[in-house]
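Listed below, chain by chain, are the residues.
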Amino acid sequence: MKIHACDYTDFRELNQAVGESADETVVIDRCVGQRYIGCGISGKEIQITGTPGNALGAYLDGGTIRLKGNAQDATGDTMNDGKILIDGNSGDAAGYAMRGGKIFIRGDAGYRAGIHMKAYEDKIPVLVIGGKAGSFLGEYQAGGVIIVLGLGAEKTPVGNFCGTGMHGGKIFIRCKRLPHDLPPQVKARRASAEDLSSIEGILSEFCKEFSVSKKELENEHFYLLTPDSANPYKQLYVTN
Amino acid sequence: MINYLYPDYEIVRDPSKCIACRVCERQCANEAHSFDEEAGCMVADSSRCVNCHRCVSLCPTRALKIVKSDHTFKQNANWTGDRITEIYKQASTGGVLLSSMGNPNAFPIYFDKILINASQVTNPSIDPLREPMETKTFLGKKTGEIRRDEKGRILPYTEPQIELSVPIMFSAMSYGSISYNAHESLARAAQELGILYNTGEGGLHEDFRQYGANTIVQVASGRFGVYKDYLEAGAAIEIKMGQGAKPGIGGHLPGTKIVGDISKTRMIPEGSDAISPAPHHDIYSIEDLRQLVFSLKEASEYKKPVIVKIAAVHNVAAIASGVARSGADIIAIDGFRGGTGAAPTRIRDNVGIPIELALASVDSRLREEGIRDNVSIVVGGSIRSSADVVKAIALGADAVYIATAALLSLGCHLCRSCQSGKCNWGIATQRPELVKRLNPDIGSQRLVNLVTAWKHEIMEMMGGMGINSIEALKGNRLMLRGIGLNEKELEILGIKHAGE
Ligand code: SF4
Ligand code: SF4
């Protein structure tokens, strides 16, 4: 099914059309900022060109969303499963509280990417950012894997306050120098061969999806950030 | 350093009654009682006692009582014993003081300074036992919009609503902060009563999906246990922006409590802290709130009302006005006396405002702006009796939330030690041997009893006023008079003084 997004100025009608389509693949072209596309769906492939609005693929529960263009804020908010591929940049709060599935962003991500990311049983969410990430990357991260590749970036490809409140999961950053303001509870080290082999599959998938040469990734080393405790608040209180 | 603090409460045992059956010893999770083999009698360590009355209630010979200690610092109206002890605690640990349940301090209780009207002579009162009396209410947008088909016929259309047999709901308490059996009691009682209970931010246990029609599922900043099926499982979705006991402060369930089923229901690994920071880091404006409201509506296909819960704070009227324009169907306002499983003492005791004032000012503001029908208003934060319910509704609420009252009917004795996880009444604990003390058959029955009794009382008060429908009481502030209130207070409450 093919939908011309311009025919629907209202996001509600557009999303209803997507929801009602029996086709497994739905193509939306000339998207002009309609919000909540693919919200809570599963089992479909949605191909989008143009610029979808906020909360693309929020609560996504399976299936794939492919976007040729830039995404706005809150992509994949609280997503549970499935895959969101953005061949462009993303706005703020991509992957907020995601618990499963994958978000691949070819270009840059805005502020607060991957914050509150979790993991649960066999679900390990993955967020890969091809370019740079804004400030507060992985804030309150409780699980999952965030990878920032910094392709085309000259400096360390993350903003300020990376990993603030992080208490689980991993952040890989491909860079020469670590961010200068890592919080004290975050441990950073050069990723070992073993660490890298754990994300090998993800990187190959990313490279394949966006035709990035994997060789290019190898010319720079990765740092791995992990929290030193799953219980950052333990010592804070006294019973009154 | 010397750290001994004389306990606030003392365990008093009448040796002439005690038969050393050791029930108190087994019942006290704080291990305050023990049997002294040498002396052949029971002994008590009052410093361990939290004053929960479990032992007192279960002692077969009524040999126990707990009394307030008469041990005292030198009397000082400024440096009270509490302030002094708190300093000692902080000086020895460096910790933030942590408390539970609602603000216990002596702030004014406006409900107790408001009196209800009754009819005499001219407008006859109604006998609820003999005449029909409606306590049913619907929560949701009351849209004035009329939709017609192409032939001009009116199409029946309402925004999604919650139907309540009586305007009372059980407010948010998460599985994790309270026990499985407490949740089961609430869920079953809600079903039997035709009202709703609220999952809190801890997700929904699989076993309780069957009570979906009577469930409000909550979405907080940490988004624990939130996924598509969860959003569809309940009758309404609540976004938690704030909580009366700790406005501006987030929730934090320590990793030690994230075990077994709790980790499953919250969908996070065992042992990991569950952190829900105060702000949703994707909400910095009413526009952003609107985005979350609509993403939840989209995910649940516009079938469920969305509630936005905020704490009663200084600018509550302006905030509520924004919320009413965000697309939310219901605003829940939580007053500063609202309970909590754990909150920093300073926040609990000093932040926020009384629900009575917040409610009155929100209702007035929304009316002034002509947007009162955009939303229903639900208030909580220490509704203690049916009279409080009647007063809240006359001040402008559509319904109330109760939590502390509900826990009290489950056996809570307000010992305010929920944060310890050792609740002897099986409520604020996850220890299996304690949880099983709360029997959900009995618990749910007691909740049903409480709400049924309140319902009768509400009908009697309504009948007395000559009102036979809860809808006619809503916002009917002429039915209220203040007593001992100053002009500013009366102005905010929008009521006259008694005698006027
Ligand atoms: S904590 Fe409760 S059960 Fe234990 S001694 Fe005190 S009142 Fe009795
Ligand atoms: S729930 Fe339990 S621990 Fe909390 S105040 Fe009530 S009796 Fe005490």
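Residues numbered from 1 in each chain as written. Chains lettered and ligands numbered in written order. Predicted model: local features only at pLDDT ≥ 70, side-chain atom pairs only at ≥ 80, totals over all residues. Heavy atoms only, no water.

Peer 1: Help me out: how do you make sense of the site of ligand 2 in this one?
Peer 2: Every residue near ligand 2 is listed here: Met101(B), Cys412(B), His413(B), Leu414(B), Cys415(B), Arg416(B), Ser417(B), Cys418(B), Cys423(B), Trp425(B), Ile427(B) and Ala428(B). Among the residues forming the shell around ligand 2, the class breakdown is 9 nonpolar, 2 polar and 1 charged. (Near = heavy atom within 4 Å. Nonpolar A, V, L, I, M, F, W, Y, C, P; charged D, E, K, R; others polar.)

Peer 1: Just to check I follow, could you spell out the nonpolar core for this structure?
Peer 2: Most often, soluble globular proteins keep nonpolar side chains buried together rather than apart. Residue and element names in this part refer to chain B. Formed by 123 residues in total, the largest nonpolar core has its most connected members in Phe170, Ile333, Val379, Ile402, Ile427 and Leu473. It is helix H14 (residues 440-465) that provides the largest number of residues to this core, a total of 9 residues. Not counting the four nearest positions on each side in its chain, leucine 473 is found in contact with Val390, Ile393, Ala394, Met462, Met465, Ile467 and Met479. (Core = buried A, V, L, I, M, F, W, Y, C linked by side-chain atoms within 4.5 Å. Buried < 20%, exposed > 50% of the residue type's maximum accessible area, 1.4 Å probe, protein only. Helix = DSSP H or I, 4+ residues; strand = E, 2+ residues; numbered from the N terminus. Contact = heavy atoms within 4.5 Å.)

Peer 1: Where do I start with the packing of helix H4 (residues 180-193) of chain B against H14(B) in this structure?
Peer 2: In a pair of packed helices, the angle between the axes and the distance between the axes together describe the arrangement. All names here are of chain B. Where H4 meets H14, the axes come as close as 8 Å, and the angle between the chain directions of the two elements is 45°. Between H4 and H14, the angle is such that the two are oblique. In terms of crossing hand, the pair formed by H4 and H14 is right-handed. Between H4 and H14, the contacting residues are Asn181, Glu184, Ser185, Leu186, Arg188, Ala189, Glu192 and Leu193 on the first element and Pro440, Asp441, Gly443, Ser444, Gln445, Leu447, Val448, Val451 and Thr452 on the second. Split into classes, the residues belonging to the contact of H4 with H14 amount to 7 nonpolar, 6 polar and 4 charged. (Axes fitted to C-alpha atoms, helices over the stretch in contact; angles between N-to-C directions. Parallel < 35°, antiparallel > 145°, perpendicular 65-115°, else oblique. Left-handed = near helix turned anticlockwise from the far one by under 90°.)

Peer 1: Where do I start with the sheet that holds strand S11 (residues 222-227) of chain A in this structure?
Peer 2: The strands that make up a sheet pair up through hydrogen bonds in the backbone, lying either parallel or antiparallel. Residue and element names in this part refer to chain A. Read from one edge to the other, the open sheet built from 11 strands follows the order S1-S2-S3-S4-S5-S6-S7-S8-S9-S11-S10, with strand pairing classed as mixed. The strands lining the two open edges of the sheet, one partner per strand, are strand S1 (2-4) and strand S10 (186-190). Strand-to-strand twist of the sheet, defined as the mean angle between neighbouring strand axes without regard to direction, takes the value 15°. As paired strands, strand S8 (residues 142-148) and strand S9 (residues 168-174) are joined by 5 bridges and run parallel to one another. Paired with isoleucine 146 across the strands is isoleucine 171, a residue of S9. Across the sheet, helix H2 (residues 193-209) is in contact with strand S4 (61-68), strand S5 (81-87), strand S6 (102-105), strand S7 (126-129), S8, S9, S10 and S11; its angle to S6 comes to roughly 60°. (Pairing = 2+ DSSP bridges.)

The values reported here are purely geometric and, on their own, carry no functional implication.
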